[in-house]
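Spelled out from the first residue to the last, the chains are:
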Amino acid sequence: MNITLYTVGKIKENFYRQAIEEYTKRLGRYCRLRIVEVADEKTPDHASPAVEAQIRQKEGERLLKQIKDGTYLVALAIEGKKMDSIAFAEKIQQLGLHGTSEIGFVIGGSLGLSDSVLSRADMKLSFSDLTFPHQLMRVILLEQIYRAYRIISNEPYHK
């Protein structure tokens with residue numbers, strides 16, 4: 001299985017980079033993982049809703065240019081479906097069993113995802129009603145993908 005994380009912005013803090021490297025290494029035995037970063041837009045203080053929408057649209061266009069045709073795309077969005085780790089693992093396993101070879105997860109920037117990216121998504125997934133920094137969300141997502149593969153493989157870890 002090929003898994004790609006499509007993300008807005010670069011990881012700035014070293015501790016996030018270290019965690020991402022660790023989960024990337026752990027996932028190497030289960031899947032081929034790629035992380036694609038696109039540039040983020042600077043958001044002025046007190047930006048109007050129209051300016052925020054323009055920023056999301058620009059970031060969204062950059063993301064959509066990177067996403068391959070045929071990718072099953074999961075958009076991380078607060079309004080998405082919530083599932084526990086076992087259901088998440090079952091979803092990944094079912095996609096593989098039904099011939100999906102490429103799963104993409106898309107994480108927006110500080111303002112979220114554009115409507116065009118959300119429309120392209122095959123599934124919207126929510127990890128919580130809480131808002132997380134997009135850099136931390138990468139770590140959380142990678143940990144959950146790793147947990148899913150451990151569950152699929154009936155290996156200890158997830159309890």
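Please refer to the structure higher up on the page.
A brief report on the enclosed structure follows. Per-chain numbering applies: the sequence of each chain, read as written, is numbered from 1 onward. Only residues with pLDDT of at least 70 get local features here, since the model is predicted, and only at 80 or more are side-chain atom pairs given and counted; chain-wide, interface and lining totals rely on the full set of residues. Only heavy atoms go into the side-chain values, all of them from the structure, while hydrogens and water stay out.

By volume, the largest pocket amounts to about 460 Å³. Looking at the largest pocket, it is lined by 22 residues, and the ones nearest its centre are Leu76, Ala77, Ile78, Gly112 and Phe132. Elements are defined by DSSP. Helices are runs of H or I of four residues or more, strands are runs of E of two residues or more, and each kind is numbered from the N terminus. Going through the elements one at a time, strand E3 (72–82), strand E5 (123–126) and helix H5 (134–152) are the ones with two or more residues in the lining of the largest pocket. Counting residues per element, the lining of the largest pocket draws most heavily on E3, which supplies four residues. Space inside and on the surface of the protein is sampled on a 1 Å grid over the protein atoms alone, with a cavity defined as a set of points where a 1.4 Å probe fits but cannot get out and a pocket as an open set with protein on both sides within 12 Å along at least 5 of 7 lines; lining residues have an atom within 4 Å of a point. Grid points are joined across faces, edges and corners, and a volume is the space filled by probe spheres set on the points.

The next subject is unusual backbone geometry. Even without a glycine there, the phi angle at histidine 46 is positive, about 60°. Looking at the element boundaries, histidine 46 is found in the loop between strand E2 (32–38) and helix H2 (49–66).

Take the nonpolar core next. Here the nonpolar core consists of buried residues drawn from Ala, Val, Leu, Ile, Met, Phe, Trp, Tyr and Cys, with membership extended through side-chain atoms lying within 4.5 Å. Burial here depends on accessible area, computed with a 1.4 Å probe over protein chains only, as a share of the maximum for the residue type. Under 20% is buried, over 50% is exposed, and the range in between is partly exposed. Ranked by size, the top nonpolar core spans 31 residues in total, and within it Ile3, Phe105 and Ile145 carry the most contacts. Only strand E1 (2–8), helix H1 (14–27), E3, helix H3 (85–97), strand E4 (102–107), E5 and H5 provide two or more residues apiece to this core. Top contributing element to this core by residue count: H5, with nine residues. Throughout, a contact is declared for two residues whenever any of their heavy atoms are within 4.5 Å. Each residue touching isoleucine 145, except ones within four places of it in the same chain, is listed here: Ile3, Leu5, Leu27, Phe88 and Phe105. Counting 14 residues, the second largest nonpolar core, distinct from the first, contains Val36, Leu63, Ala77 and Ala121.

Once that is clear, we can look at empty space enclosed by the protein. Tallied over the entire structure, the rule returns one cavity of 30 Å³ or more. Its volume calculated, the largest cavity comes out at about 50 Å³. In terms of lining, the largest cavity is formed by Val74, Phe88, Lys91, Ile92, Leu95, Ile103, Phe105, Met123 and Leu125. At the level of secondary structure, the elements contributing two or more residues to the lining of the largest cavity comprise H3, E4 and E5. At four residues, the largest contribution of residues to the lining of the largest cavity is made by H3. Each residue receives one of three labels: charged for Asp, Glu, Lys and Arg, nonpolar for Ala, Val, Leu, Ile, Met, Phe, Trp, Tyr, Cys and Pro, and polar for the others, Gly being one of them. Here the residues of the lining of the largest cavity are counted per class, giving eight nonpolar, no polar and one charged.

Moving on: the sheet that holds E3. With parallel pairing, the five strands of this open sheet are ordered in space as E2-E1-E4-E3-E5. The sheet is open, and its two borders are formed by E2 and E5, each paired with just one other strand. Direction aside, neighbouring strands of the sheet carry axes that sit 30° apart on average. Here E1 pairs with E4 via six bridges, running parallel. Along E4, the bridge assignment pairs threonine 4 with glycine 104. Strand pairing is assigned whenever DSSP detects at least two bridges linking the two strands. Every axis corresponds to a line fitted to the C-alpha atoms, with the helix fit spanning only the stretch in contact, and the corresponding angles, defined between N-to-C directions, vary from 0 to 180 degrees.

Any carboxyl oxygen of Asp or Glu within 4 Å of a side-chain nitrogen of Lys or Arg constitutes a salt bridge here. Summed over the entire model, instances satisfying the criterion amount to eleven salt bridges. One salt bridge in this structure joins arginine 138 and glutamate 37, with 2.8 Å as the shortest N-O distance. With arginine 138 in helix H5 and glutamate 37 in strand E2, the pair connects residues that are 101 residues apart, well separated along the chain. Residue class for glutamate 37 comes out partly exposed when judged on its relative accessible area of 32%. The residue glutamate 102 makes a salt bridge to lysine 68 at a minimum N-O spacing of 3.8 Å. Of this pair, glutamate 102 sits in strand E4 while lysine 68 sits in the loop between H2 and E3, and the two are 34 residues apart along the sequence. Overall, glutamate 102 belongs to the buried group, its relative accessible area being 7%. Connected via shared salt-bridge partners are Lys10, Glu37 and Arg138.

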